[in-house]
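Remarks on the overall topology
The residues making up each chain are set out below.
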Amino acid sequence: MNYHHIYHAGNFADISKHIILILCLEKLHEKPTSFLAIDTHAGIAKYDLGDEKSLKTNEFIGREIFAKIQDYLPERYLKILAKINRCEMENLIENFNYYCGSPYIIRDYLRRDDRAIFAELNRLEYVQLKKVFAGSDQFSIVSEDGFGLLKSKLPPLQKRALVLIDPAFEKDQSTISADYEKIILALKEGYKRFENGIYLVWHPIIESDEAVLKNFYKEISALKFEKKTHVIFDVGSKDDGKMHACGMFIFNAPWQIEEKLEKIFSRILPILKQSDQAFFSLSS
Ligand code: SAM
């Protein structure tokens, strides 16, 4: 396992993914009933944007660009970022030294009876994640294969659940990442055990993987979930060989998520775009 999310923290893909996550968590808060959140691929939760790994790829969208999009972002997202940077929301840009990972966001939404499980398989990243979070009986941090949690932790006692599946898509020795197949198998388990849960599945979109993605989409469409939404966010190619597009499948998207996403993405894409080929789409 060579993947380290710090190389990519705060890039356009991270930000679009976290906006979707936050909109879903907000919806869960509209009802008092408790929920379980499962983050199958947690990462380290707090990313130092001044770390040499982050500076090396330079993928963070940057403070100036963030300042331009912040008015269109959910307020809670800005509050979480202010919290991780130990500043007031109004002073975020000048203090923007850390970016938040999905466990940091999810933890912020846990009310007294809500619970979360964060899985991180890489031992070193797991240790770092543990350091960010002091122990709590509201969430558990496990160093195990996150895909397995859909079998072992569903259905939830809480009767409501949100599952984020955000793998690294490493290829190892193979030409195709095994994560595509693992996602499908995990979602089948999820459906069998808890068909009404909210499942979010992030994936990269890379030209060279076109055939792989085509097959992945076919397998996704054969899944039995009642409501499937596919979000594509593409900032347009800058011809620098870097990933410029990603997607998120939302199964059982909460009511009106699509409208909210449309509103946010239509405002931030013109600021984040790298070329005129940039677009976003929402399809079901
Ligand atoms: N979800 C995080 C966020 O939004 O901040 C980013 C996660 S990153 C894309 C993927 C993470 O999954 C990496 O930290 C990697 O070490 C970890 N990982 C890889 N395979 C795993 C597995 N089978 N189970 C759990 N974690 C895994």
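Residues numbered from 1 in each chain as written. Predicted model: local features only at pLDDT ≥ 70, side-chain atom pairs only at ≥ 80, totals over all residues. Heavy atoms only, no water.

For the rest of this paragraph, the subject is the overall build of the protein. Summing up its helical and strand segments, the protein has 11 helices and 10 strands in all. Against the compact-globule benchmark of 19 Å for 284 residues, the protein has a radius of gyration of 18 Å, which places it among compact chains. By its C-alpha atoms, the protein is 45 × 45 × 40 Å across when sized along the principal axes. With 284 residues in all, the protein has 55% of them scored as buried. Long-range contacts, defined as pairs at least 24 residues apart, comprise 75% of the intrachain contacts of the protein with a sequence gap of at least 6. Accessible surface computed for the protein: about 13,900 Å², of which carbon and sulfur atoms make up 48%. (Helix = DSSP H or I, 4+ residues; strand = E, 2+ residues; numbered from the N terminus. Rg over C-alpha atoms; globule rule 2.2 N^0.38 Å. Buried < 20%, exposed > 50% of the residue type's maximum accessible area, 1.4 Å probe, protein only. Contact = heavy atoms within 4.5 Å. Areas by Shrake-Rupley, 256 points an atom, 1.4 Å probe, with all protein chains shown as cover.)

A full pass over the atoms with the stated rule returns 20 aromatic pairs. Measuring from centroid to centroid gives 5.1 Å for Tyr 180 and Phe 216, while their planes differ by 70 degrees, and the two rings are edge-to-face. Here Tyr 180 is found in helix α9 (residues 179-193), whereas its partner Phe 216 is found in helix α10 (residues 210-221), with 36 residues between them in sequence. Classification of Phe 216 as buried rests on a relative accessible area of 2%. Between Phe 216 and Phe 249, the ring centres sit 6.0 Å apart and the planes meet at 80 degrees, which makes this aromatic pair edge-to-face. Of the two residues, Phe 216 is situated in helix α10 and Phe 249 in strand β9 (residues 245-251); the sequence distance between them amounts to 33 residues. Assigned by exposure class, Phe 216 and Phe 249 land together as buried. Ring pairing ties together the aromatic residues Phe 169, Tyr 180, Tyr 191, Tyr 199, Trp 202, Phe 216, Tyr 217, Phe 225, Phe 249 and Phe 251, which thus form one cluster. Sitting over the ring of Tyr 109, Arg 76 keeps its end group 4.0 Å from the ring centre. (Phe/Tyr/Trp six-rings, centres within 6.5 Å; stacked < 30°, edge-to-face > 60°. Lys NZ or Arg CZ within 6 Å of the ring centre and 35° of its normal.)

Before going further, it helps to spend a moment on the pattern of salt bridges. One pass over the full model with this rule turns up 13 salt bridges. Of the charged contacts, one joins Asp 108 and Arg 76 as a salt bridge, the two residues approaching to 2.8 Å between their closest N and O atoms. Linking Asp 108 in helix α6 (residues 102-108) with Arg 76 in helix α4 (residues 75-84), this pair joins segments that are 32 residues apart in sequence. A relative accessible area of 24% means that Arg 76 is categorised as partly exposed. Counted as one network, the salt bridges with shared partners bring together Asp 14, Lys 17 and Asp 166. (Salt bridge = Lys/Arg side-chain N within 4 Å of Asp/Glu carboxyl O.)

The full count for this structure, using the stated rule, is one cavity of 30 Å³ or more. Contributing to the lining of the largest cavity are Ser 16, Lys 17, Ile 20, Trp 202, Val 231, Phe 233, Cys 246, Gly 247 and Met 248. Taken together, the elements giving at least two residues each to the lining of the largest cavity come down to α1 (12-28), β8 (228-234) and β9. Looking at the lining of the largest cavity, its residues break down into six nonpolar, two polar and one charged. (1 Å grid on protein atoms, 1.4 Å probe; cavity = no way out; pocket = protein on both sides within 12 Å on 5 of 7 lines; lining within 4 Å. Points joined across faces, edges and corners; volume = space filled by probe spheres on them. Nonpolar A, V, L, I, M, F, W, Y, C, P; charged D, E, K, R; others polar.)

Before going further, it helps to examine the layout of surface pockets. Empty space within the second largest pocket amounts to approximately 380 Å³. Here the lining of the second largest pocket is composed, by residue class, of seven nonpolar, three polar and five charged.

What follows is about the sheet that holds strand β10 (residues 279-283). Across the sheet, eight strands lie side by side as β5-β4-β1-β6-β7-β9-β8-β10; this open sheet has mixed pairing. Among the strands making up the open sheet, the edge pair consists of β5 (139-142) and β10. On average, each strand axis in the sheet is inclined to that of its neighbour by 10 degrees, with strand direction left out of account. (Pairing = 2+ DSSP bridges. Axes fitted to C-alpha atoms, helices over the stretch in contact; angles between N-to-C directions.)

To continue, consider the site of the ligand. As a matter of local geometry, the ligand sits amid 21 residues, with His 18, His 41, Ser 102, Glu 120 and Asp 166 nearest to it. Here a nitrogen atom of the ligand and a side-chain polar atom of Ser 102 are 2.8 Å apart. With respect to the ligand, the backbone of Gly 146 contributes an N or O atom lying 2.9 Å from a nitrogen atom. For the ligand, the accessible surface in isolation is 610 Å², of which the surrounding protein chains cover 96%. (Near = heavy atom within 4 Å. Polar contact = N/O pair within 3.5 Å; in protein donor to acceptor, adjacent residues only side chain to side chain.)

With that settled, consider the pairing of β8. Across the seven residues that make up β8, a large majority, seven, are buried. With burial as the criterion, each face of β8 is covered, one bearing Lys 228, His 230, Ile 232 and Asp 234 and the other bearing Thr 229, Val 231 and Phe 233. Pairing geometry for β8 and β9, over seven bridges, is antiparallel. Within the sheet, the bridge partner assigned to Val 231 lies in β9 and is Met 248. Where β8 lies against β10, five bridges are found, and the strand directions are antiparallel. Across the sheet, residue Val 231 finds its bridge partner in β10, namely Leu 282.

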